[in-house]
Amino acid sequence: MVLIVSSSKKKAQSISDIFYYMGVLSYATTPYEATSEISGMYRAVLVLDPEELPDADNFIERLRTYNSLIPIFALSDSCNNYCCQKIFDKVFDNDIYSSALIEEIVAYQSERKLPLTAHYRLAGIDASCSKSRVTVFDKF
């Protein structure tokens with residue numbers, strides 16, 4: 001599950017809706033609500049336009065204190081400076097395709113052996129978004 005954070009709840013919800021149609025679970029929230037929402041059930045955090053946040057450094061630092069294993073990504077056009085590269089695990093341009101964004105996030109998590117976003121497996125059931133159907137022990 002991806003926690004999508006934006007100063008505009010409407011913008012975060014639109015990205016969450018795009019993820020929904022791709023089969024990726026996500027939740028849209030504001031920076032104020034994000035600190036109480038963050039938990040181990042999230043596999044990634046996506047911050048939209050972090051330059052709009054009043055104090056992005058402090059906000060990201062607080063999110064990392066709640067759960068340091070969750071990678072935090074940014075989606076922005078103007079946040080490719082060294083400061084943004086330092087506080088986020090990875091920064092993506094706003095013009096990236098949503099499918100490419102998920103692929104990049106999963107690749108980052110896979111390289112670091114973190115739990116993968118959009119991979120939903122439990123007790124032999126695999127409902128990952130990369131599958132055309134839900135499988136049980138790899139059988140339809």
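Structure shown above.
In what follows, the accompanying structure is described. Remember, predicted model here, so these are calculated numbers, not experimental data.

### Let's talk about the sheet that holds strand E6 (residues 121-122)
Here is step 1 of the chain: Read from one edge to the other, the open sheet built from three strands follows the order E6-E7-E8, with strand pairing classed as antiparallel. Whereas interior strands pair on both sides, the edge strands pair on one side only; in this sheet they are E6 and strand E8 (135-136).
Here is step 2 of the chain: Two elements, strand E7 (residues 125-126) and E8, share two bridges in a ladder whose sense is antiparallel. Pairing of Ile 125 across the sheet is with Val 136, part of E8.

### Here we look at the sheet that holds strand E1 (residues 2-5)
Here is step 1 of the chain: Strand order in this open sheet of five strands is E2-E1-E3-E4-E5, and the pairing throughout is parallel. The open sheet has two edge strands with one neighbour each: strand E2 (26-29) and strand E5 (90-92). Geometrically, the sheet is characterised by an average inter-axis angle of 20° between neighbouring strands, direction not taken into account.
Here is step 2 of the chain: Across three bridges, the pairing between strand E4 (residues 72-75) and E5 is parallel. The residue of E5 that forms the bridge with Leu 75 is Phe 92.
Here is step 3 of the chain: Along the sheet, helix H1 (residues 9-22) makes contact with E1, E2 and strand E3 (44-48), crossing E2 at roughly 170°.

### So, the pattern of salt bridges
Here is step 1 of the chain: A full pass over the atoms with the stated rule returns five salt bridges.
Here is step 2 of the chain: Here Arg 112 and Glu 111 are joined by a salt bridge, their closest N and O atoms 3.1 Å apart.
Here is step 3 of the chain: A relative accessible area of 43% means that Arg 112 is categorised as partly exposed.
Here is step 4 of the chain: Judged by relative accessible area, which is 59%, Glu 111 ranks as exposed.

### Focus: unusual backbone geometry
Here is step 1 of the chain: Phi at Asp 49 is positive, roughly 45°, even though this residue is not glycine.
Here is step 2 of the chain: Here Asp 49 is to be found in the loop between E3 and helix H3 (56-66).
Here is step 3 of the chain: Exposure remark for Asp 49: the relative accessible area of 5% places this residue in the buried category.
Here is step 4 of the chain: For Lys 113, which is not glycine, the phi torsion reads 55° and is therefore positive.
Here is step 5 of the chain: If you trace the backbone, Lys 113 turns up in the loop between helix H5 (98-111) and E6.

### A word on a nonpolar patch on the surface
Here is step 1 of the chain: Nonpolar side chains collect at one region of the surface, where Ile 125, Val 134, Val 136 and Phe 137 lie side by side and expose about 400 Å² of accessible area between them.
Here is step 2 of the chain: Assignment of secondary structure puts Phe 137 in the segment after E8.

### Some points on H5
Here is step 1 of the chain: With 14 residues, H5 should cover 20 Å at 1.5 Å per step; its first-to-last C-alpha distance of 20 Å lies within 8% of that length.
Here is step 2 of the chain: Leu 101, Ile 102, Ile 105, Val 106, Tyr 108 and Gln 109 are the residues of H5 that are buried. Down the axis of H5, the buried set is contained in an arc of 155°. They therefore lie on one face. Opposite the buried face of H5, by more than 90 degrees, sit the exposed residues Glu 103 and Glu 111.
Here is step 3 of the chain: Of the surrounding secondary structure, the elements contacted by the buried residues of H5 are H1, E3, E4 and E5.
Here is step 4 of the chain: Phi turns positive one or two residues past the end of H5, at Lys 113, with a value near 55°.

### Structural notes on the packing of aromatic side chains
Here is step 1 of the chain: Under the defined criterion, the tally for this structure stands at three aromatic pairs.
Here is step 2 of the chain: A ring pair is formed by Tyr 20 and Tyr 21, whose centres lie 5.4 Å apart and whose planes are at 75°; its orientation type is edge-to-face.
Here is step 3 of the chain: Judged by centre distance (5.3 Å) and plane angle (85°), the ring pair of Phe 73 and Tyr 108 falls under edge-to-face. Taken together, the residues span a long stretch of sequence, with Phe 73 in strand E4 and Tyr 108 in helix H5 at a distance of 35 residues. As far as the burial class goes, Phe 73 and Tyr 108 line up, both buried.
Here is step 4 of the chain: Pairwise contacts between aromatic rings join Phe 73, Phe 92 and Tyr 108 into one cluster.

Criteria and thresholds
- Residues numbered from 1 in each chain as written.
- Predicted model: local features only at pLDDT ≥ 70, side-chain atom pairs only at ≥ 80, totals over all residues.
- Heavy atoms only, no water.
- Pairing = 2+ DSSP bridges.
- Helix = DSSP H or I, 4+ residues; strand = E, 2+ residues; numbered from the N terminus.
- Axes fitted to C-alpha atoms, helices over the stretch in contact; angles between N-to-C directions.
- Contact = heavy atoms within 4.5 Å.
- Salt bridge = Lys/Arg side-chain N within 4 Å of Asp/Glu carboxyl O.
- Buried < 20%, exposed > 50% of the residue type's maximum accessible area, 1.4 Å probe, protein only.
- Patch = residues over 30% accessible without salt bridge, like charges linked within 9 Å, V, L, I, M, F, W, Y side chains within 5 Å.
- Areas by Shrake-Rupley, 256 points an atom, 1.4 Å probe, with all protein chains shown as cover.
- Expected span 1.5 Å × (residues − 1).
- Arc of directions from axis to C-beta.
- Phe/Tyr/Trp six-rings, centres within 6.5 Å; stacked < 30°, edge-to-face > 60°.

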